[in-house]
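Structure at a glance
Spelled out, the chains give:
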Amino acid sequence: MNSNDIKCVNTLRVLGAEMIQKANSGHPGIVLGAAPILHTLFTRHLNINCQDTEWFNRDRFVLSAGHGSALLYSLLHLSGFAITMEDLKNFRQKGSITPGHPEYGHTPGVEATTGPLGQGIAMAVGLALAENYLSAKFNKNDFSIIDHYTYALCGDGDLQEGVVMEAMSLAGHLGLKKLIILYDSNDVQLDGEVSLANSEDIQTKVEAMGWQYLRVEDGNNVDDIDKAIGFAKESNLKPTIIEIKTIIGYGAPNSGESSIHGKPMSKEDIAYLRKFLNYTIPEFEISDTVKDFYDKNVIQRGYAANSFWNGQLMQYAKSYPQDYKVLCDFMYNDIHLKNFDGMPSYEVGTKISTRKVMGKLLDWLSGQLPNIIGGSADLSPSTMVKGADGIYGQSNPLGRNIKFGVREHAMAAITNGITLHGGLRGFCSGFFVFSDYLKPAVRLAAIMKLPSLFFFSHDSVCVGEDGPTHQPIEQLTMFRSTPNTNLFRPADAKEMTSAMLLSFQNNTYPTVIVSSRQDLPVLDYTNFDGVSKGGYIVFEPYGTPSYAIISCGSELNLCVEVAKRLEKEKCYVRVVSMPSMFLFDQQPKEYKEQVLPKRMRKRLAVEMGSSMPWYKYADTVLGIDDFGKSMPLKYIADYYGFTIEQIYQKFRRMIRED
Ligand SMILES: Cc1ncc(C[n+]2csc(CCOP(=O)(O)OP(=O)(O)O)c2C)c(N)n1
Ligand SMILES: [Mg+2]
């Protein structure tokens, strides 16, 4: 380690600590402890280019320990990214590009939104999987056009998360050898020593999951860290975790203690730190030595790597023009449905479950869209969702069907990582009730404006015999109330087809689609245009309607039957299908007023799930606000009040009370 490394590391330490001190908020412990790790990675290994932050073959780095954001922003500043010293001074302030935790799409150079511990590592697994797939697809014997590493920095807390164990287990199984996790191992976490909560042997644990384990005893030794990363890059079978022993809050008066984890240092403590490090550069200034060092070792090195790759790409274009064209389509996300020949379609009146429709359509879509990849959490025969081209794995890296195993949480986070990489779009699937297991990853996708796709089956209590543990109730409300998340609950094969097609068209939010387990009739009144607006009129009575019934999913056709019966009794009721509240709420006021005019004073909403979200549109709701009960399907509708007769009676009661 030369004196320049020391100067750089100390700059990162003091800069980070002073950003946090100025904000009077943040986490100095990891900044002081892990600065040498990331300095080594950035200056000696990471290939990134601040002038082209989207360079397709750049190495990916994810700060899984998102609380170390001050360190990341300082590094990106030194590495030439568009983060100014003013931005660093505005750390955690209103409207800044240096928010509390790293936010993808908000700060240049940030590859993933992190902060919820564990998610970063799982997304890194997805990034590495995407790289592995794309390299298998596009590389030639004489050409490695897709060839980069995926790195993540994690702390003790990340490794305690279940999602990490799921993700690491799968990464080990898949042999994602270009995935390298740098573990900031300081034996301390927010609440005290790690030993208060953990006593297992990390090495044994990760080796059992098929990982290579490396250890660096002195986390201040840049050369040792460098060597370990170099060794990890040579791995030809396994992903690597490098446990690097560090001291939390290195250089602070309370270093080595949990009190330095998340409390800003005082001015006095900063003075102590500066003295300890023998650091004299004024606050928020960078010495020319450090600037030059980063210029040469990150900015210029990265620029050169990018330029070299651009040259390679031109060669590739010459040698393999066909593949080059496809590669460009992948890189620029220029893959669209061009024709609908052979798309599964269904006659009105046919009875088919929407899960079957979903599965069949996805099979067809996989043929049309070579960039989609995904699978299910050990449930593909039930959800009917699987990817194409065989099972993805070491012997078939071109398989697009990912066997996630029963690892829902990691499945969703990995799907986010795949989509984040670019070039591919990830989807995944499971039973809707178990969406609880993966909600945090859907939430992150929504925050990141990432179009990951979550396809669930078994959308209601009609699951039947499996009972309350398998019967979703509140899950619809959960996703409908998650910002920037589109939940579709289609009523029949046509609505399902529409929802699926729409889900592949958008690029700015995740889509959740729920399908029925039971067969449903294909209806004559459903259509694509209506689904694209989220809510639309599906039944209009002869006389001017003064009432409305709003519904979706398997209940819609019952509501239309009720409205027909009421019409015969000269009671005029409109029926509105509402497969997506998210899309309906985005429609112009005039459209919403046209579908659900204010004059329709009395409105009944009907859905086999919590009543809560429907009060936005209706004053009376026939829902289910209790857990389900185990029983065969044939008894369910009657038991919960979802037969034509019972809905009719409910409606009649509603207008009697008017
Ligand atoms: C899912 C989740 N749970 C809790 C937290 C709050 N939190 C942030 S950092 C942290 C401690 C993590 O310990 P470690 O990874 O060892 O970080 P260090 O204290 O060493 O910086 C906790 C509990 C979080 N960010 N995410
Ligand atoms: Mg720790």
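These figures come from a predicted structure and were not determined experimentally.

1. Thoughts on the overall build of the protein
- Helix and strand counts for the protein stand at 24 helices and 20 strands.
- For a compact globule of 658 residues, the expected C-alpha radius of gyration is about 26 Å, and the protein comes in at 28 Å, within 12% of that figure.
- Expressed along its principal axes, the backbone C-alpha trace of the protein runs to roughly 90 × 60 × 45 Å.
- Relative to its 658 residues, the protein shows a buried fraction of 61%.
- Residue pairs at least 24 apart in sequence account for 77% of intrachain contacts in the protein once pairs closer than 6 positions are excluded.
- Total accessible area computed for the protein in this model is approximately 25,300 Å², and 50% of it derives from carbon and sulfur atoms.

2. A short note on the sheet that holds strand 6 (residues 212-216)
- Taken in spatial order, the five strands of this open sheet run 1-2-3-7-6, and their pairing is parallel. With partners counted over all chains shown, the strands left at the sheet margins are strand 1 (60-63) and strand 6, one partner each. Adjacent strand axes in the sheet meet at a mean angle of 20°, parallel and antiparallel pairs treated alike.
- Where strand 6 lies against strand 7 (residues 240-245), five bridges are found, and the strand directions are parallel.

3. Side note on the coordination of the magnesium ion (ligand 2)
- Protein coordination at the magnesium ion (ligand 2): the donors are Asp 156 (OD), Asn 186 (OD1) and Val 188 (O), at 2.1 Å from the metal.
- Within one chain, the residues donating to the magnesium ion (ligand 2) are spaced in sequence as D-x29-N-x1-V. With Asp 156 in helix 6 (residues 156-160) and Val 188 in strand 4 (residues 188-189), this residue pair connects regions lying 32 residues apart in the sequence. Residue Asp 156 shares its accessibility class with Val 188, and that shared class is buried.

4. A look at the nonpolar core
- Among the nonpolar cores identified, the biggest contains 157 residues, and Phe 455 and Phe 651 are the most heavily contacted of them.
- Take this core: its biggest share by element is twelve residues, from helix 5 (residues 119-138).
- Excluding anything up to four places from it in sequence, Phe 455 contacts Met 358, Leu 362, Val 385, Phe 427, Cys 428, Ser 429, Gly 430, Met 500, Ser 503, Phe 504 and Ile 513.
- Counting 55 residues, the second-largest nonpolar core is a separate cluster that includes Ile 30, Ile 48, Ala 65 and Tyr 294.

5. Some words on the side chain of Asp 5
- Residue placement: Asp 5 occurs in helix 1 (residues 3-23).
- Side chain to side chain, Asp 5 and His 39 meet in a polar contact 2.7 Å long.

6. Some details on the packing of aromatic side chains
- This model, assessed by the stated rule, comprises 23 aromatic pairs.
- Measuring from centroid to centroid gives 5.8 Å for Phe 42 and Phe 61, while their planes differ by 80°, and the two rings are edge-to-face. Remark: Phe 61 occurs in strand 1 and Phe 42 occurs in helix 2 (residues 28-44); sequence separation between them is 19 residues.
- Relative accessible area serves as the criterion here: at 6%, Phe 61 is assigned to the buried category.

7. Quick notes on helix 16 (residues 439-448)
- Of all the ten residues making up helix 16, seven are buried; the element is thus mostly covered by neighbouring parts of the structure.
- Along its buried surface, helix 16 packs onto helix 5, helix 15 (408-421), strand 12 (453-457), helix 17 (475-480) and strand 14 (511-514).
- A positive backbone phi angle near 60° is found at Lys 449, which sits one or two residues after helix 16.

8. Comments concerning the layout of surface pockets
- Its volume calculated, the largest pocket comes out at about 670 Å³.
- In this structure, the largest pocket is lined by 34 residues; those nearest its centre are Glu 54, Tyr 104, Leu 420, His 421 and Gly 422.
- Those elements that place two or more of their residues in the lining of the largest pocket are helix 11 (288-319), helix 12 (321-331) and helix 15.
- With four residues, helix 11 is the largest single contributor of residues to the lining of the largest pocket.
- For the lining of the largest pocket, the residue count by class is 14 nonpolar, 13 polar and seven charged.
- Of the residues that make up the lining of the largest pocket, three or more belong to each of domain 1 (3-305) and domain 2 (351-521).

9. Details of the domain arrangement of the protein
- You can read the domains of the protein as domain 1 (3-305), domain 2 (351-521) and domain 3 (536-656).
- For domain 1 versus domain 2, the separation of C-alpha centres amounts to 32 Å.
- The interface is formed by 32 residues belonging to domain 1 together with 32 residues belonging to domain 2.
- When domain 1 packs against domain 2, the two sides together hide about 2,700 Å² of surface, and 70% of this comes from carbon and sulfur.
- Seen at the junction of domain 1 and domain 2, the total is zero salt bridges.

10. So, the site of ligand 1
- Neighbouring ligand 1 are 15 residues, the closest being His 67, Gly 115, Gly 157, Asn 186 and His 261.
- Contacts to ligand 1 include Asp 156, whose side-chain N or O atom sits 3.0 Å from an oxygen atom.
- In the model, an oxygen atom of ligand 1 is placed 2.7 Å from a nitrogen or oxygen of the Asn 186 side chain.
- Alone, ligand 1 offers 590 Å² of accessible surface; in the complex the protein occludes 75% of this.
- In terms of residue class, the shell around ligand 1 is made up of six nonpolar, seven polar and two charged.

11. Observations regarding helix 20 (residues 556-568)
- In a regular helix each residue adds 1.5 Å, so 13 residues correspond to 18 Å; helix 20 covers 19 Å between its end C-alpha atoms and thus fits that length.
- Taken residue by residue, helix 20 has Leu 556, Asn 557, Leu 558, Cys 559, Val 560, Val 562, Ala 563, Leu 566 and Glu 567 as its buried positions.
- Positive phi appears at Lys 570, one or two residues downstream of helix 20, with a value of about 65°.

12. Points about the pattern of salt bridges
- Taken as a whole and judged by the stated rule, the model has 31 salt bridges.
- For the salt bridge of Asp 329 with Lys 325, the shortest nitrogen-to-oxygen distance reads 3.2 Å. Placement of the pair is Asp 329 and Lys 325 together in helix 12, with a separation of four residues, close to one helical turn.
- Residue Lys 598 pairs with Glu 593 through a salt bridge whose shortest N-O separation is 3.5 Å.
- Under the relative-accessibility criterion, Lys 598 is labelled exposed at 67%.
- Residue Glu 593 is classed as partly exposed on the basis of its relative accessible area of 32%.
- One continuous salt-bridge network, built from bridges that share partners, spans Asp 187, Arg 215, Glu 217, Glu 243 and Lys 245.

What counts as what
- Residues numbered from 1 in each chain as written.
- Chains lettered and ligands numbered in written order.
- Predicted model: local features only at pLDDT ≥ 70, side-chain atom pairs only at ≥ 80, totals over all residues.
- Heavy atoms only, no water.
- Helix = DSSP H or I, 4+ residues; strand = E, 2+ residues; numbered from the N terminus.
- Rg over C-alpha atoms; globule rule 2.2 N^0.38 Å.
- Buried < 20%, exposed > 50% of the residue type's maximum accessible area, 1.4 Å probe, protein only.
- Contact = heavy atoms within 4.5 Å.
- Areas by Shrake-Rupley, 256 points an atom, 1.4 Å probe, with all protein chains shown as cover.
- Pairing = 2+ DSSP bridges.
- Axes fitted to C-alpha atoms, helices over the stretch in contact; angles between N-to-C directions.
- Donors = N, O, S within 2.8 Å, 3.2 Å for Na, K, Ca; no water.
- Core = buried A, V, L, I, M, F, W, Y, C linked by side-chain atoms within 4.5 Å.
- Polar contact = N/O pair within 3.5 Å; in protein donor to acceptor, adjacent residues only side chain to side chain.
- Phe/Tyr/Trp six-rings, centres within 6.5 Å; stacked < 30°, edge-to-face > 60°.
- 1 Å grid on protein atoms, 1.4 Å probe; cavity = no way out; pocket = protein on both sides within 12 Å on 5 of 7 lines; lining within 4 Å.
- Points joined across faces, edges and corners; volume = space filled by probe spheres on them.
- Nonpolar A, V, L, I, M, F, W, Y, C, P; charged D, E, K, R; others polar.
- Domains from an automatic or database assignment.
- Buried area = accessible area lost by both parts, 1.4 Å probe.
- Salt bridge = Lys/Arg side-chain N within 4 Å of Asp/Glu carboxyl O.
- Near = heavy atom within 4 Å.
- Expected span 1.5 Å × (residues − 1).

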